[in-house]
Amino acid sequence: MAENTSNNMTTVSETSGGTDGKQPSLIKSSESITDTRQQINQNGGQNFESPNFESATAIKGKGNQLSEISMTELFETAFPPRIPVVDGVLYSGTYLFVGAPKVGKSFFMAQLAYHVAVGLPLWDYPVHQGTVLYLALEDDYARLQHRLSCMFGVESTDNLYFAVQSKVLDKGLSEQLEEFVKHHADTRLIIIDTLQKIREVTGDKNSYFNDYEVVSKLKAFTDAHGNCLLVVHHTRKMEAEDSFELISGTQGLLGAADGAFVMQKKKRTDNIAVLDVVGRDQPDQELTVEFDRERCIWNFRKAELDLWKRPADPLLEAVANIFEEGMNEWSGSPSNLLEKLPDADIQANVLTRKLNVSADILFNDYGILYENKRTHSGREVKLQKIGGDKHYSGDFRQRDDM
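Positions within a chain are numbered from 1, following the residues in the order the chain's sequence is written. Confidence filtering applies because this is a predicted model: local features only for residues at pLDDT of at least 70, side-chain atom pairs given and counted only at 80 or more, and all residues used for totals across whole chains, interfaces and linings. No hydrogens and no water enter the side-chain calculation; it runs on all heavy atoms of the structure.

Caption draft 1: Quick look at the overall build of the protein. Secondary structure elements follow DSSP: runs of H or I no shorter than four residues count as helices, runs of E no shorter than two count as strands, and numbering proceeds from the N terminus. If you tally the helices and strands in the protein, you get 12 helices and 16 strands. A simple rule labels every residue: compare its accessible area, found with a 1.4 Å probe on the protein chains alone, to the largest value its type can have, and call it buried under 20%, exposed over 50%, or partly exposed in between. Across the 402 residues that make up the protein, the buried fraction comes to 51%. Long-range pairs, those at least 24 residues apart, make up 67% of the contacts in the protein with a sequence separation of at least 6. Computed with the Shrake-Rupley method and a 1.4 Å probe, the accessible areas treat only the protein chains shown as cover for residues. Roughly 19,400 Å² of accessible area belongs to the protein as shown, and the carbon and sulfur atoms make up 49% of that amount. Contacts were defined at the residue level, with two residues in contact if any of their heavy atoms lie within 4.5 Å.

Quick look at the structure:
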């Protein structure tokens, strides 16, 4: 059995970031996982160039052929995990952040950008640190300087970058973003403020096709790089029962996005706002936040979530427990791993399939990066412990009593 007990993984120690209001009680963490950035950047489901995609590469389509993959090959492929930007709130992918003009969107964007760049929890939601690019396309640098100093004083970070001008999406923006990510491999979050500033003006700008296409182009970028792109947009003036029907434009915007945030106030002069959240990788929820006009930051008031709890998986619990004290890495064949799990009454190939489909849970709930690849001698499983004990609970509890 080939085992590796090296202890070379590093983490950033937890840093506390306080706010004045009551906060949700989630397990705190601010681990930096930039050591695994190379693998995380292979996050896109269409990236068949990863070493873990050997079976899919052999069946690339030619000419009019589809580049299909069989169900067997799908289950035998270990995809890199999708990691959160803010646990339980914001994940990798392309998201819309929508609100009426002057509702406080830009202050929230600056607050989010700073917390991710520094690694401070957003309220009590754990944040995964990384480089942030903020395209503040409706601002100038003097206004940004004033806003940031009001919010955070003159403490600064080298991980947060700003630009007040960019090219539009169809005429060079994608290349600009690619160039930035090329020089900042740990880019976790990109904010575009606003969508209208990067859209090319066309005669049919309000069509479903154009709305869907513009978000799809942005999503192609995040799928390829495994980071998060948050696009600020405006609400329409018409009333709607569903807050997400307030998004200006057609349903094509939300249809192509991985999720959306809608910020609303009952009156423009109110300090209280409701933030509705919907997405593919997080539970639908409603957050109530309050604007501190003196500090120009948003404080947490309460959260209302659908009651849901992911049941514990005995197999994943057993895998997480194979690490002895001081041991951060294990590697071996699937049969070797099965020997470490005496209570697992399954075959080795079934074990790897179960772990393939649970890579996200292993990473986000247990802090274990899982790889399964083919070598000359057969299959090799590699487990790396990225940050000690569980750093994110899979429980989403009702928190409307806070």
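Caption draft 2: Up close: unusual backbone geometry. Cis geometry marks the peptide bond from Asp-193 to Thr-194, where omega comes out at 20 degrees. By secondary structure assignment, the location of Thr-194 is in the loop between strand 6 (187-193) and helix 7 (208-225). A positive phi is found at Lys-102, a non-glycine position, where the angle reads about 65 degrees. Take Lys-102: it is sitting in the loop between strand 3 (93-99) and helix 4 (105-118). Lys-102 gets classed as exposed once you look at its relative accessible area, which sits at 72%.

Caption draft 3: The sheet that holds strand 13 (residues 329-332), seen in detail. Pairing in this open sheet of three strands is antiparallel, and the strands run 13-15-14 from one edge to the other. Whereas interior strands pair on both sides, the edge strands pair on one side only; in this sheet they are strand 13 and strand 14 (368-375). Within the sheet, the average angular offset between the axes of one strand and its neighbour, ignoring direction, is 10 degrees. DSSP bridges decide pairing: two strands pair if at least two such bridges lie between them. Bridging between strand 14 and strand 15 (residues 378-385) involves eight bridges; their strand directions are antiparallel. The residue bridging Glu-371 from the neighbouring strand is Lys-382, located in strand 15. Helix axes are fitted only over the stretch in contact, all axes being lines through C-alpha atoms; the angle between N-to-C directions runs from 0 to 180 degrees.

Caption draft 4: Here's a closer look at the packing of helix 4 against helix 5 (residues 141-152). For the pair helix 4 and helix 5, interaxial distance at closest approach is 11 Å and the crossing angle is 65 degrees. Taken together, the axes of helix 4 and helix 5 lie roughly perpendicular to each other. For the pair helix 4 and helix 5, the sense of crossing is right-handed. Within the contact between the two elements, helix 4 uses Ser-106, Phe-107, Ala-110, Gln-111 and Tyr-114 and helix 5 uses Arg-147, Leu-148, Met-151 and Phe-152. For this classification, Asp, Glu, Lys and Arg are treated as charged, while Ala, Val, Leu, Ile, Met, Phe, Trp, Tyr, Cys and Pro are nonpolar and the rest, including Gly, are polar. Class assignment of the residues belonging to the contact of helix 4 with helix 5 gives a composition of six nonpolar, two polar and one charged. Each angle gets one of four labels, with under 35 degrees taken as roughly parallel, over 145 as roughly antiparallel, 65 to 115 as roughly perpendicular, and the rest as oblique. Two helices cross in a left-handed way if the nearer one is turned anticlockwise from the farther one by less than a right angle. They cross in a right-handed way if the turn is clockwise.

Caption draft 5: Focus on the layout of surface pockets. Approximately 410 Å³ is the volume attributed to the second largest pocket. Together, 20 residues line the second largest pocket, and Lys-102, Val-103, Gly-104, Lys-105 and Ser-106 are the ones closest to its centre. Going through the elements one at a time, helix 4, helix 5 and strand 7 (228-234) are the ones with two or more residues in the lining of the second largest pocket. Across the lining of the second largest pocket, the residue classes break down as six nonpolar, four polar and 10 charged. Points on a 1 Å grid, built from protein atoms alone, make a cavity when a 1.4 Å probe fits but cannot get out and make a pocket when they are open with protein on both sides within 12 Å along at least 5 of 7 lines; residues with an atom within 4 Å of a point are the lining residues. Grid points are joined across faces, edges and corners, and a volume is the space filled by probe spheres set on the points.

Caption draft 6: Just empty space enclosed by the protein, in detail. Using the criterion set out here, one finds one cavity of 30 Å³ or more in the structure. Estimates place the volume of the largest cavity at around 90 Å³. Around the largest cavity, the lining comprises 13 residues; the ones closest to its centre are Val-89, Phe-108, Leu-112, Leu-122 and Phe-261. Residue composition of the lining of the largest cavity, grouped by class: 13 nonpolar, no polar and no charged.

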